[in-house]
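These are the residues of each chain, in order.
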Amino acid sequence: MSEKQPSFIGGHPVLDFVNTVAWRTEPARRAERVSDAAGWLRWAVTAEVFPAVPDGELPVDDAELAELVALRDALEAVLDALVDGEAPPAPAWRALRLALLRAREAAALPPVLPLRWEPGTRDLTDLCHALALRAEELLSGPAASRVRRCAGPGCGWFFLDRTRAGTRRWCSSGDCGNRDRARRHYARTHPTAGR
Ligand SMILES: [Zn+2]
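Residues numbered from 1 in each chain as written. Predicted model: local features only at pLDDT ≥ 70, side-chain atom pairs only at ≥ 80, totals over all residues. Heavy atoms only, no water.

Q: How do you make sense of the overall build of the protein when you look at a structure like this?
A: Counting its secondary structure elements, the protein contains 6 helices and 4 strands. Secondary structure elements of the protein occur, N-terminal to C-terminal, as α-β-β-α-α-α-α-β-β-α. Overall size of the protein, expressed as C-alpha extent along the three principal axes, is 65 × 35 × 30 Å. Per-residue burial for the protein yields a buried fraction of 38% across its 195 residues. Within the protein, counting contacts between residues at least 6 apart in sequence, those at least 24 apart form 57% of the total. Element-wise, carbon and sulfur atoms account for 54% of the exposed surface of the protein, whose accessible area totals about 11,100 Å². A distance of 11 Å separates the average location of the 27 positive side-chain charges in the protein from that of its 26 negative side-chain charges. (Helix = DSSP H or I, 4+ residues; strand = E, 2+ residues; numbered from the N terminus. Buried < 20%, exposed > 50% of the residue type's maximum accessible area, 1.4 Å probe, protein only. Contact = heavy atoms within 4.5 Å. Areas by Shrake-Rupley, 256 points an atom, 1.4 Å probe, with all protein chains shown as cover. Lys, Arg positive; Asp, Glu negative; His and termini not counted. Charge placed at Lys NZ, Arg CZ, Asp CG, Glu CD.)

Structure representation (structure tokens):
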């Protein structure tokens, strides 16, 4: 993974959302890739959740930012459970349920078919709603069985495995995959190292 910019390797906005934490499973290296409201709005556009960065001054609202991060924490736990074939932890599930109820309450439902919730696209609360609804779509559909977690030590990034055989292991073959090849090469050429 690159060191500073958010990455969009997930193949789904909800996976890219959780992937805004780098080295997710290695506490000493764990790092935020998006730190403020303006950064999140830019992220939302690149992730194709918002059509454009909203005009005008964005009010600084720490509560909105905290709500977004809390949703990300909940989704992180739910996705780990999904990949591990376990039941989602109760607090994370409660948080996701609440986020979904709020999203439905706030979103528009235009009288057209197929039925589709339309959350707002202006601020971090709208982003929270949009991501909760996208999470529902991901976790209730066939793509859920394609969610994988990178096998790179400490990486923890999620992605949709679109390979026919379902055998993709790395967030990026040029990144964690490369590190793994280097590790295996080192083990082969230094057979006594690490024993
Ligand atoms: Zn990785």
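Next comes the rest of the account.
Q: Looking at this structure, I do not really get the pattern of salt bridges. What am I missing?
A: Close approach of charged atoms allows side chains of opposite charge to pair. Applying the stated criterion across every chain yields a total of 13 salt bridges. With a closest N to O distance of 2.5 Å, Glu-136 and Arg-104 form a salt bridge. In this pair, Glu-136 sits in helix 5 (residues 124-140) while Arg-104 sits in helix 4 (residues 90-106), placing the two residues 32 residues apart along the sequence. Look at Arg-104 and you get partly exposed, because its relative accessible area is 31%. Residue Arg-184 pairs with Asp-180 through a salt bridge whose shortest N-O separation is 2.8 Å. Of the two residues, Arg-184 and Asp-180 both sit in helix 6 (residues 176-189), 4 residues apart, roughly one turn of that helix. When its relative accessible area of 46% is taken as the criterion, Arg-184 is described as partly exposed. A network of salt bridges, in which partner residues are shared, links Arg-24, Arg-30, Glu-76, Asp-80, Asp-84 and Arg-149. (Salt bridge = Lys/Arg side-chain N within 4 Å of Asp/Glu carboxyl O.)

Geometric descriptors of this kind do not, in isolation, establish any biological role.
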